[in-house]
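Now for the letters of each chain:
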Amino acid sequence: MNHASELRDILNTSFQWNKARITCFVKMLLSLLCTRTVNLNKIACSMSSNAEQASRYRRVQRFFADYKIDFDMIAGFIFKLFFTSGGKWYLTMDRTNWQWGKSDINILTLAVVFKGIAIPLYWELLDKRGNSDTQERIDIVQKFIDKFGKDCIAGLFGDREFIGEKWFEWLINEQITFYMRIKKNLLTTDSRGRTVHVKALFRDLKPTEVRALYGERKITGQIVYIEAMKLPDGELLIVASNEMPGNLITKYAFRWEIETLFSCFKGRGFNFEDTHIVNRDRIKKLIVLLAVAFCWAHKTGEWRHEQRAIKIKKHGRPAVSLFRYGLDYLVDALANLSNKYDEFTACMRKILSIPLGLQTTGEVV
């Protein structure tokens, strides 16, 4: 059995696609790792096949145009690679967007924070520029709840975009703990009940100083607690939550892990912005390819770190991320397959999906 066939069999224990579909997906996945770009022409050029390049390119195009994908199945596959049933996990939500020609590519993503990065589970292409609306946010969180349940949600992080009366009301009614950064010019009340901009409650903070307001405050019509920190550049970081303050800023720091995920999808990994696809349904399918490649690289990096720890630089940070450590190892093994087949086989075992409850738990924040 060659490496592509073995990888096909491993993935199909979870995907259960027909042979033509899973074979195409595996070849694209291997090509994505080698080329580190989502440009379909480059992926087709590097695919292993006896067919002409033009035929391979049409086959790749047909995959994204014609095949239907069960995104709940993809989410379940990814979740089982990293997490176990019975745990509680922090979710983080954000958008990434750019413009190709006259088309706006605007992606709302829900992910789970994990070891300094975020693991993507659900994503939606928005049919507009700019911020998501309340219903779009509710819909993507509801997909997670429908698949994995509400009890496993420890909390939800979001940036200043993710505020609003109806949105906060829904989270409170659903008893989902949230930690949302809010705009400094929102109105609230001071200790005397006077209406003020929220920034006025923290005007005397010194850089890096944190202050928690232990009394209830009303933001966008909903009762919340507020905590703030003055960043070194003088900007205020203000977090609203339905959880008692005292640790809100510390927890909110995990929100940044989704930014790291986006950077892995883009310049640090697979150059997502190289895509010339503008059809939203096809981009959503393309992200499946990206997500599986990302998870495979991260799982490989975790395993390699256990075998040979990543070096720590003088400033105290790792020389490379777990994702990059794994990606480089994967690509090297794939490029030198005749000499490193055993290493590549070991990498393939890292994405063998294990039923929930049987694997070792991941790190929880």
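Above: the structure in question.
Residues numbered from 1 in each chain as written. Predicted model: local features only at pLDDT ≥ 70, side-chain atom pairs only at ≥ 80, totals over all residues. Heavy atoms only, no water.

A.B. asks: How should I be thinking about the packing of helix α10 (residues 280-307) against helix α12 (residues 341-348) in this particular structure?
C.D. replies: Relative orientation of the contacting elements α10 and α12 amounts to 110°, with a least axis distance of 9 Å. By the angle class used here, α10 and α12 are roughly perpendicular. Together, Trp296, Thr300 and Trp303 of α10 and Phe344, Ala346, Cys347 and Met348 of α12 make up the contact between the two elements. (Axes fitted to C-alpha atoms, helices over the stretch in contact; angles between N-to-C directions. Helix = DSSP H or I, 4+ residues; strand = E, 2+ residues; numbered from the N terminus. Parallel < 35°, antiparallel > 145°, perpendicular 65-115°, else oblique. Contact = heavy atoms within 4.5 Å.)

A.B. asks: Got a minute to help me understand α12 in this structure?
C.D. replies: Because each turn of an α-helix spans 3.6 residues, side chains separated by three or four positions in sequence point in the same direction. Among the residues of α12, Phe344, Thr345, Cys347 and Met348 are the ones counted as buried. Viewed along the axis of α12, the buried residues span an arc of 155°, placing them on a single side of the element. On its buried side, α12 packs onto α1 (3-15), α2 (19-35), α10 and α11 (322-335). (Buried < 20%, exposed > 50% of the residue type's maximum accessible area, 1.4 Å probe, protein only. Arc of directions from axis to C-beta.)

A.B. asks: How should α11 be read in this particular structure?
C.D. replies: Taking 1.5 Å of rise per residue, the 14 residues of α11 would be expected to cover 20 Å, and the 20 Å separating its terminal C-alpha atoms lies within 8% of that figure. The element α11 is largely enclosed, with a buried count of 10 among its 14 residues. Check the buried side of α11 and you find it contacts α1, α2, α9 (257-265), α10 and α12. (Expected span 1.5 Å × (residues − 1).)

A.B. asks: Could you clarify how one ought to interpret the packing of aromatic side chains in this entry?
C.D. replies: The description of two aromatic rings rests on the distance between their centres and on the angle between their planes. This structure, assessed with the given rule, holds 28 aromatic pairs. Considering the side-chain rings of Phe15 and Phe77, the 5.1 Å spacing of their centres and the 85° angle between planes classify their relative orientation as edge-to-face. In this pair, Phe15 sits in helix α1 while Phe77 sits in helix α5 (residues 71-82), placing the two residues 62 residues apart along the sequence. The exposure classification of Phe15 matches that of Phe77, with both residues buried. Ring geometry for Phe270 against Phe323: centres 5.9 Å apart, planes inclined by 80°, an arrangement best described as edge-to-face. Separated by 53 residues along the polypeptide, Phe270 in the loop between α9 and α10 and Phe323 in helix α11 bring together distant segments of the chain. Exposure class is identical for Phe270 and Phe323. Each is buried. Ring-pair connections join several aromatic residues into one group, and the members of that group are Phe15, Trp17, Phe25, Phe63, Phe64, Tyr67 and Phe77. If you follow Arg255 out to its NZ or CZ, it ends over the ring of Trp256, 4.5 Å from the centre. (Phe/Tyr/Trp six-rings, centres within 6.5 Å; stacked < 30°, edge-to-face > 60°. Lys NZ or Arg CZ within 6 Å of the ring centre and 35° of its normal.)

A.B. asks: Any chance you could explain the nonpolar core here in plain terms?
C.D. replies: Nonpolar side chains tend toward joint burial in soluble globular proteins. Core analysis: the biggest nonpolar cluster contains 120 residues, and Trp167 and Trp296 have the highest contact counts within it. It is α10 that contributes the most residues to this core, 14 residues altogether. In terms of nonpolar packing, the next biggest core, distinct from the first, is built from 11 residues, Phe157, Leu237, Ile249 and Tyr252 among them. (Core = buried A, V, L, I, M, F, W, Y, C linked by side-chain atoms within 4.5 Å.)

A.B. asks: I keep staring at the packing of helix α4 (residues 53-66) against α10 and nothing clicks. Help me out?
C.D. replies: Angle between the axes and distance between the axes are the two parameters that describe a pair of packed helices. Across the interface, α4 lies against α10 with an axial gap of 8 Å and an inter-helix angle of 110°. Here α10 runs roughly perpendicular to α4, going by the angle between their axes. For the pair α4 and α10, the crossing hand works out as right-handed. Judged by residue contacts, Phe63, Phe64, Ala65 and Asp66 of α4 engage Arg282, Lys285, Leu286 and Leu289 from α10. (Left-handed = near helix turned anticlockwise from the far one by under 90°.)

A.B. asks: Got a minute to help me understand the pairing of strand β2 (residues 103-114) in this structure?
C.D. replies: Side-chain positions along a regular strand alternate between the two faces of the sheet. Most of β2 sits out of view: 10 of its 12 residues are buried. In this sheet, β2 lies alongside strand β1 (residues 89-100) in antiparallel orientation, the contact comprising 10 bridges. Following the sheet pairing, Met93 is matched in β2 by Leu110. Count of turn residues in the β1/β2 antiparallel hairpin: two residues, of which Gly101 carries a positive phi of about 65°. Where β2 meets strand β3 (residues 117-125), eight bridges bridge the pair, whose relative direction is antiparallel. Paired with Val112 across the bridge in β3 is Ile119. (Pairing = 2+ DSSP bridges.)

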